[in-house]
Amino acid sequence: MSDWIKGIVKKICKKDGFFTFMRAQFTSQISSATDFLVTIVLAKLFDIYYVLATSMGSVAGGILNCTINYYWTFKSKECKKKYVLIKYTLVWIGSICLNTWGVYWLTESIQRVPWVQETLAHFFDNIFIVSKVIVSLLVGWFWNYNLHRTFVYKDCKIRRPLRKKKSLIVDTEIEEL
């Protein structure tokens, strides 16, 4: 019985596969909770404009997400932290822009349609929270997870593609001679 349990634990902790996706979703939920908490506290308690609060929440959630993904989700300890940080920052900038402008666009679009705004107002105090949930799910599934899996934590050596191209240039110059 204990070997069976150890086998399941080993599969869950394996670096690739379905459980990586599940770990990424769990990490995303923790990071999103941090993001939402910071956003709502800043917007509601400190009366900060919801677009700025969304950006600040994304920053808080992103820092937490990068740290957990590096050590647990993608198990990228063999990758140098500076390379992960550079690649994560590139993806993160895109994520922050998509989240911020997506929330802004969806909130403003909802407010232009009176019956949608009135219907949602019966269930939610602030409509931007509905927009934030929808946009963050879409950005998380279609942008963050895929780029983290295939770009940020996958190839640990950022210079490797540059070296391959450099050797191809040298090879073609030799062939021309």
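Starting from 1, residues in each chain are numbered consecutively following that chain's sequence as written. Totals for whole chains, interfaces and linings use every residue, but because this is a predicted model, local features are given only for residues with pLDDT of at least 70 and side-chain atom pairs only at 80 or more, for both listing and counting. Hydrogen atoms and water are omitted, and side-chain values are computed over all heavy atoms in the structure.

Asker: Provide a residue-level description of unusual backbone geometry, including the pertinent values.
Answerer: One non-glycine residue with positive phi stands out, namely Asp-47, at about 55°. Numbering of helices and strands runs from the N terminus, with a helix taken as a DSSP run of H or I at least four residues long and a strand as a DSSP run of E at least two residues long. Following the sequence through the fold, Asp-47 ends up in the loop between helix 2 (18-45) and helix 3 (50-73). Residue exposure (1.4 Å probe, protein chains only): buried if accessible area is under 20% of the type maximum, exposed if over 50%, otherwise partly exposed. With a relative accessible area of 67%, Asp-47 lands in the exposed category. At Lys-75, a residue that is not glycine, the phi angle is positive and equals roughly 45°. Checked against the element boundaries, Lys-75 lands in the loop between helix 3 and helix 4 (81-112). Judged by relative accessible area, which is 24%, Lys-75 ranks as partly exposed.

Asker: Tell me what's going on with the nonpolar core, and back it up with residues and numbers.
Answerer: Nonpolar cores were defined as sets of buried Ala, Val, Leu, Ile, Met, Phe, Trp, Tyr and Cys residues, with membership established by side-chain atoms within 4.5 Å. Tyr-50, Ile-110, Leu-120 and Val-135 are the most contacted members of the largest nonpolar core, which totals 14 residues. Mapped onto this core, the elements with two or more residues apiece are helix 2, helix 3, helix 4 and helix 6 (127-152). Here Leu-120 is in contact with Ile-110, Ile-127 and Val-130, once residues within four sequence places are set aside. By size, the runner-up hydrophobic cluster in this structure holds 13 residues, among which are Phe-74, Trp-92, Ile-96 and Tyr-153. The criterion used for residue contact is that any of the two residues' heavy atoms lie within 4.5 Å.

Asker: Tell me about the side chain of Thr-54, and name the residues and values.
Answerer: Its place among the elements puts Thr-54 in helix 3. Overall, the relative accessible area of 0% leaves Thr-54 in the buried class. Polar contact is defined as a pair of N or O atoms within 3.5 Å, subject to the rule that within protein one atom must be able to donate a hydrogen and the other to accept it, and that residues adjacent in sequence are counted only when both atoms are side-chain atoms. Of note is the side chain of Thr-54, whose polar atom sits 2.7 Å from the backbone oxygen of Tyr-50. What Thr-54 contacts, discounting residues up to four positions off in sequence, is Asp-35, Thr-39, Asn-99, Thr-100, Val-103 and Lys-132.

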